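Descriptive analysis of the structure
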Amino acid sequence: METRLVDPAPADRFDIYRKVPKDLTQPTYTGAIISICCCLFILFLFLSELTGFITTEVVNELYVDDPDKDSGGKIDVSLNISLPNLHCELVGLDIQDEMGRHEVGHIDNSMKIPLNNGAGCRFEGQFSINKVPGNFHVSTHSATAQPQNPDMTHVIHKLSFGDTLQVQNVHGAFNALGGADRLTSNPLASHDYILKIVPTVYEDKSGKQRYSYQYTVANKEYVAYSHTGRIIPAIWFRYDLSPITVKYTERRQPLYRFITTICAIIGGTFTVAGILDSCIFTASEAWKKIQLGKMH
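Quick summary incoming for the structure in this document. (Residues numbered from 1 in each chain as written. Predicted model: local features only at pLDDT ≥ 70, side-chain atom pairs only at ≥ 80, totals over all residues. Heavy atoms only, no water.)

Structural notes on the side chain of Ser190
Mapped onto the fold, Ser190 is located in strand β10 (residues 190-203). There is a polar contact of 3.1 Å between the side chain of Ser190 and the backbone nitrogen of Ala234. Ignoring any residue separated from it by four or fewer positions in sequence, one finds Ser190 in contact with Lys220, Glu221, Tyr222, Ala224, Ile232, Pro233 and Ala234. (Helix = DSSP H or I, 4+ residues; strand = E, 2+ residues; numbered from the N terminus. Polar contact = N/O pair within 3.5 Å; in protein donor to acceptor, adjacent residues only side chain to side chain. Contact = heavy atoms within 4.5 Å.)

Here you go:
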């Protein structure tokens, strides 16, 4: 009986993944160990990439611009400060800047809370400043009668600009003066806090933007005398704006990049494992032949 070999179909000739019959393959103990290690390694890399894919990444960039053009040239300020040795009727907030604003005794959106049975005061205020260099200061300038020796020792609980950002992945100086304690300083000394305000934008995955401001601070303490020779201390916050804007953007890895990375991991791992297994198998066979030659 004559046996004829059947040619493969025309389309089969383009198969680059030719199949090897099982009876022509040889499993080995070393190959099994490499295969298990290979699968565990792939699983580890896959879980690592999956964690990176589902985790939101926050990237930052710098540029020169005013990010919040709809603010009308204003910046919202939140101030919370305690003066434990100064009566509330003496405490006032004054605001002035290079645009000619000069406001003494600002009272809008502010609150004074007596401390130490009325001997001290906690001032909390919400106000706005212009986007030009200027200052605001806590003093006794707005009091009807100036005290003889005003005590300006204080604790700053909060000083922030713009929106409050509660974001875990962003660690900035949004409240750099929070916790500043000057209770042991000279009671008659004035305090200058020199602030450099940096505009900050945070954009979430939906494209919504929030505008805040970080700032750096330097301070000095000195005794200031008026033209009459009296000591009139104050707590000054002198500010200037940086032209540089910091932008934080939430991003997630694209799906196509995740799939590409997973394919590269699987293909690369199996390729390297195959080369390693082939080298070990070839070396093992050569060693067996050498051992057989010694026996003969």
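Looking at the pairing of strand β2 (residues 74-83)
When you tally the buried positions in β2, you get 8 out of 10 residues, the bulk of the element. Pairing of β2 with strand β6 (residues 120-130) involves 10 bridges; the strand directions are antiparallel. If you follow Asn80 over to β6, its bridge partner there is Glu124. Where β2 meets strand β8 (residues 155-162), 6 bridges bridge the pair, whose relative direction is antiparallel. Residue pairing in the sheet places Ser82 in a bridge with Val155 of β8. (Buried < 20%, exposed > 50% of the residue type's maximum accessible area, 1.4 Å probe, protein only. Pairing = 2+ DSSP bridges.)

Remarks on the pattern of salt bridges
Within this structure, the stated rule accounts for 6 salt bridges. Put simply, Arg122 and Glu124 hold a salt bridge, and the shortest N to O gap is 3.4 Å. Its salt-bridge partner being Glu203, residue Lys247 comes within 3.1 Å of it at the nearest N-O pair. Of this pair, Lys247 sits in strand β13 (residues 244-251) while Glu203 sits in strand β10, and the two are 44 residues apart along the sequence. Overall, the relative accessible area of 16% leaves Lys247 in the buried class. Taking relative accessible area as the criterion, Glu203 reaches 18% and is therefore assigned buried. (Salt bridge = Lys/Arg side-chain N within 4 Å of Asp/Glu carboxyl O.)

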